[in-house]
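Chains, contacts and geometry: an overview
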Amino acid sequence: MEKTKSTETATNGYKKEDVKDIQIQVPWGYIRGKWWGSADKQPIVAIHGWQDNSGTFDALAQLLPNIAILSIDLPGHGLSTHLPPGQFYYIFWDGLLTLRRIVKHYKWNKVKLLGHSLGGAISFLYAASYPDEVDILISLDIASPSVRDVKKIATHTGEYIDKFLKYESLTLDNVPCYGYEEMIDIVEKAYEGGITNEGAKILMKRGMQPAYQKNKYYFSRDPRLKVSLLGMLSLDLVLEYASHIKCAYLNIRAVPGLKLEQPENYEKVLDIIKQGARKFEYHEVKGTHHVHLNDPEKIAPIIKNFLQD
């Protein structure tokens, strides 16, 4: 593991030296991330959403100054190495394996997890797969991997595969690139009002790289991630995983939050988790799917109270 001091300014109890860039070697390259707080404390492992990066927790981490947090960039996201050529992203399973690699790297016997969206789904799978090795799971605006209409999955499979083959042929010579303000505007529009202009700038600190053309940038995330929605789970499998979760569990739901294809499944999953969890809390806060990035002050007190109880 390599740690270097961050050059970013932190606030609300954090000093610059309290935030460190980290990298963890994996067979295809590196997992990159940010370690907030004391290096002597085992951190909560924070995992971002699909096509986001570890910057999604920057604002929230600064409101939790006495809590060590390791926020990672998943493979193909942020500054982490993309998966090897030819490899499809099965995002839930890739994330589960990546998280296990990180736990093994640090030789942790038990972990605390914080996940937003995809990160919450990965943390759910980890807590279910290793129920005796997870102490706490905090899930932001998601309960489990999304369960999608099987008819739609069957209909779109061929389309996803062909798009994947198209995206994997992109190189730095032909990847789309943009000016900085144009890049921020594209990000804001892509989230359809779900993040603020400031939130877009935070994500793009790790979400874009300078292009060969002067004053131009390209998205650092792997374009193959756009078509990574194969290998989804069925409801019966999700509920079986939910029944294996034993840790203390906190779910914070944004309202209106994430638009789910089958929203009734959210409550079904929580009902199962509630039966087996050592402790269970559910809270709703007003905001978008990225409320933790836009309005972290709505989330931080809930997390602090949960961790203190």
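About the thresholds
Residues numbered from 1 in each chain as written. Predicted model: local features only at pLDDT ≥ 70, side-chain atom pairs only at ≥ 80, totals over all residues. Heavy atoms only, no water. Helix = DSSP H or I, 4+ residues; strand = E, 2+ residues; numbered from the N terminus. Rg over C-alpha atoms; globule rule 2.2 N^0.38 Å. Buried < 20%, exposed > 50% of the residue type's maximum accessible area, 1.4 Å probe, protein only. Contact = heavy atoms within 4.5 Å. Areas by Shrake-Rupley, 256 points an atom, 1.4 Å probe, with all protein chains shown as cover. Lys, Arg positive; Asp, Glu negative; His and termini not counted. Charge placed at Lys NZ, Arg CZ, Asp CG, Glu CD. UniProt positions renumbered as here; feature names shortened; annotations may be inferred. Axes fitted to C-alpha atoms, helices over the stretch in contact; angles between N-to-C directions. Parallel < 35°, antiparallel > 145°, perpendicular 65-115°, else oblique. Left-handed = near helix turned anticlockwise from the far one by under 90°. Polar contact = N/O pair within 3.5 Å; in protein donor to acceptor, adjacent residues only side chain to side chain. Pairing = 2+ DSSP bridges. Salt bridge = Lys/Arg side-chain N within 4 Å of Asp/Glu carboxyl O. Arc of directions from axis to C-beta. pLDDT = per-residue confidence, 0-100. Nonpolar A, V, L, I, M, F, W, Y, C, P; charged D, E, K, R; others polar.

**Some points on the overall build of the protein**
Per the secondary structure count, the protein includes 10 helices and 11 strands. Over its C-alpha atoms the protein spans a radius of gyration of 19 Å, differing by no more than 12% from the 19 Å that the globule rule assigns to 309 residues. Overall, the protein is about 55 × 50 × 40 Å in size when its C-alpha atoms are taken along their principal axes. Across the 309 residues in the protein, those meeting the buried criterion constitute 51%. Long-range contacts, defined here as pairs at least 24 residues apart, represent 73% of the contacts in the protein between residues at least 6 apart. A total of about 14,400 Å² of accessible surface is found on the protein, and carbon and sulfur atoms cover 51% of it. Computing the positive centroid from 38 side-chain charges and the negative centroid from 37, the protein places the two 4 Å apart.

**Looking at the environment of Asp295**
Mapping Asp295 onto the fold places it in the loop between α9 (291–294) and α10 (300–308). When the C-alpha positions of Asp295 and Gly199 are compared, they lie 9.9 Å apart, and in sequence the two are 96 residues distant.

**Quick word on unusual backbone geometry**
Going from Val255 to Pro256, the amide bond is cis rather than trans, its omega being 10 degrees. Topologically, Pro256 is positioned in strand β10 (residues 248–256). Residues other than glycine seldom take positive phi values, yet Glu192 does so here, at roughly 50 degrees. Examined against the element boundaries, Glu192 turns out to sit in the loop between α5 (180–190) and α6 (197–207).

**Examining the UniProt feature "domain: AB hydrolase-1" (unreviewed entry) in the protein**
Residues annotated in UniProt with the feature "domain: AB hydrolase-1" (unreviewed entry) correspond here to residues 43–142. Taken as a whole, residues 43–142 contains 32% helix and 21% strand, while its terminal C-alpha atoms sit 22 Å from one another.

**Side note on the packing of α5 against α6**
Between α5 and α6, whose axes approach to 9 Å, the crossing angle comes to 110 degrees. Between α5 and α6, the interaxial angle falls into the category roughly perpendicular. The interaxial crossing formed by α5 with α6 has right-handed handedness. Counted together, Tyr180, Met183, Ile184, Val187 and Glu188 of α5 and Asn197, Ala200, Lys201 and Met204 of α6 form the full contact between these two elements.

**Thoughts on the side chain of Asp73**
If you trace the backbone, Asp73 turns up in the loop between β5 (69–72) and α2 (91–106). Classification of Asp73 as buried rests on a relative accessible area of 0%. Within the structure, Asp73 has its side chain in polar contact with the backbone nitrogen of Leu79 (distance 2.9 Å). If sequence neighbours within four positions are ignored, Asp73 has contacts with Ile31, Arg32, Gly33, His48, Asn53, Ser54, Gly78, Leu79, Ser80 and Arg206.

**Observations concerning the pairing of strand β6 (residues 111–116)**
Most of β6 sits out of view: 5 of its 6 residues are buried. Pairing of strand β4 (residues 44–47) with β6, which is carried by 3 bridges, proceeds in the parallel orientation. Opposite Val45, over in β6, you have Leu113 as the bridge partner. Strand direction decides the pairing type here: β6 and strand β7 (residues 134–140), joined by 6 bridges, are parallel. By the bridge assignment for β7, Gly115 is matched with Ser139.

**Observations regarding the pattern of salt bridges**
On inspection of all chains with the given rule, the structure shows 12 salt bridges. For Glu133, the salt bridge is made with Arg100, and the minimal N-O distance between the two is 2.8 Å. In this pair, Glu133 sits in the loop between α3 (118–129) and β7 while Arg100 sits in helix α2, placing the two residues 33 residues apart along the sequence. Since its relative accessible area comes to 25%, Glu133 is described here as partly exposed.

**Section: α5**
Buried within α5 we find Met183, Ile184 and Val187. Looking down the long axis of α5, one finds its buried residues gathered within 95 degrees of arc, a one-sided arrangement. In α5, the exposed positions that point more than 90 degrees away from the buried face belong to Glu181 and Lys189. Looking at the buried side of α5, the elements it contacts are α6, β8 (208–210) and β9 (217–219).

**Observations concerning the confidence of the model for the protein**
Residues of the protein with pLDDT of at least 70 account for 94%, and the chain-wide mean is 93. With pLDDT under 50 throughout, residues 1–14 is counted as low confidence; its partners more than four residues away or in other chains account for 43 contacts.

**Some details on the packing of helix α7 (residues 235–242) against helix α8 (residues 264–276)**
Viewed as axis vectors pointing N to C, α7 and α8 meet at an angle of 30 degrees, and their least axial separation amounts to 8 Å. The angle between α7 and α8 falls in the class roughly parallel. The two elements α7 and α8 meet at a crossing, and its hand is right-handed. On α8, the residues that touch Leu235, Val238, Leu239 and Ala242 of α7 are Asn265, Lys268, Val269, Ile272 and Ile273. By residue class, the composition of the contact of α7 with α8 is 7 nonpolar, 1 polar and 1 charged.

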